[in-house]
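As a plain string of letters, each chain reads:
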Amino acid sequence: MAKKGGFLNRLELESAAKGPDISPRGEIPAQVRRVGASSAAKPGRAGKVNVTGYFHPDVKRSLMMIRLRPEKTGVRDQDLLAEALNDLFAKYNVPQTAKLRIENEK
């Protein structure tokens, strides 16, 4: 049998020292909730959700090529994605709800 790595071994030892997890099903223990998550969202992200996807690196290059155009100076990827999402929403006849940064600053 393969030897466990140092991290996995330490994790098992810490779990054994703490005893069994007796939290109700569906509830995340407090020590787990705190890892990697801050209690206060960044001000610009309050009331927003993250919508992501994994694409080929060429997609990022294409976004960069659009940003380099003179008429798109200062435009963020988020603004370009909002524009693309609104075009998709229009195609399927649903409300165009993705807000651009420029619209938010008015």
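Data block above holds the structure.
Since the model is a prediction, treat every value here as computed from it, not as a measurement. (Residues numbered from 1 in each chain as written. Predicted model: local features only at pLDDT ≥ 70, side-chain atom pairs only at ≥ 80, totals over all residues. Heavy atoms only, no water.)

(A) The overall build of the protein chain, seen in detail. Secondary structure summary: the protein chain contains five helices and zero strands in total. Residue burial in the protein chain is summarised as follows: out of 106 residues, 8% are buried. Looking at the protein chain alone, contacts between residues at least 24 apart form 9% of all its contacts between residues at least 6 apart. Total accessible area on the protein chain is roughly 10000 Å²; 59% of this is exposed by carbon and sulfur atoms. (Helix = DSSP H or I, 4+ residues; strand = E, 2+ residues; numbered from the N terminus. Buried < 20%, exposed > 50% of the residue type's maximum accessible area, 1.4 Å probe, protein only. Contact = heavy atoms within 4.5 Å. Areas by Shrake-Rupley, 256 points an atom, 1.4 Å probe, with all protein chains shown as cover.)

(B) Molecular detail of a nonpolar patch on the surface. Residues Leu-85, Leu-88, Tyr-92 and Val-94 make up a contiguous nonpolar surface patch of roughly 360 Å² in combined accessible area. Inspection of the secondary structure puts Val-94 in the loop between helix 4 (77–91) and helix 5 (101–104). Accessibility expressed as a relative area gives 39% for Val-94, which makes it partly exposed. (Patch = residues over 30% accessible without salt bridge, like charges linked within 9 Å, V, L, I, M, F, W, Y side chains within 5 Å. Salt bridge = Lys/Arg side-chain N within 4 Å of Asp/Glu carboxyl O.)

(C) Local environment of the pattern of salt bridges. Scanning the entire structure with this criterion turns up five salt bridges. The salt bridge partner of Arg-61 is Asp-58, with a shortest N-O separation of 2.3 Å. Placement of the pair is Arg-61 and Asp-58 together in helix 3 (residues 57–67), with a separation of three residues, close to one helical turn. Classification of Arg-61 as partly exposed rests on a relative accessible area of 47%. Ionic pairing is found between Asp-79 and Arg-76, a salt bridge with its closest N-O pair at 3.5 Å. You can call Arg-76 partly exposed: its relative accessible area is 33%. Within the structure, one salt-bridge network assembled from shared partners comprises Lys-60, Arg-67 and Asp-77.

(D) View of unusual backbone geometry. Phi at Asn-93 is positive, roughly 55°, even though this residue is not glycine. Within the secondary structure, Asn-93 sits in the loop between helix 4 and helix 5. We classify Asn-93 as exposed; its relative accessible area is 72%.

(E) Representation of the environment of Arg-76 within the structure. Within the secondary structure, Arg-76 sits in the loop between helix 3 and helix 4. Spatially, the C-alpha atoms of Arg-76 and Leu-63 are 9.4 Å apart, while their sequence positions differ by 13 residues. Residues contacting Arg-76, with those up to four places away along its chain left out, are Arg-67 and Arg-101.

(F) Looking closely at the side chain of Asp-79. Residue placement: Asp-79 occurs in helix 4. Note on Asp-79: relative accessible area 5%, which makes it buried. Residue contacts for Asp-79: discarding those within four places in its chain leaves Leu-100 and Arg-101.

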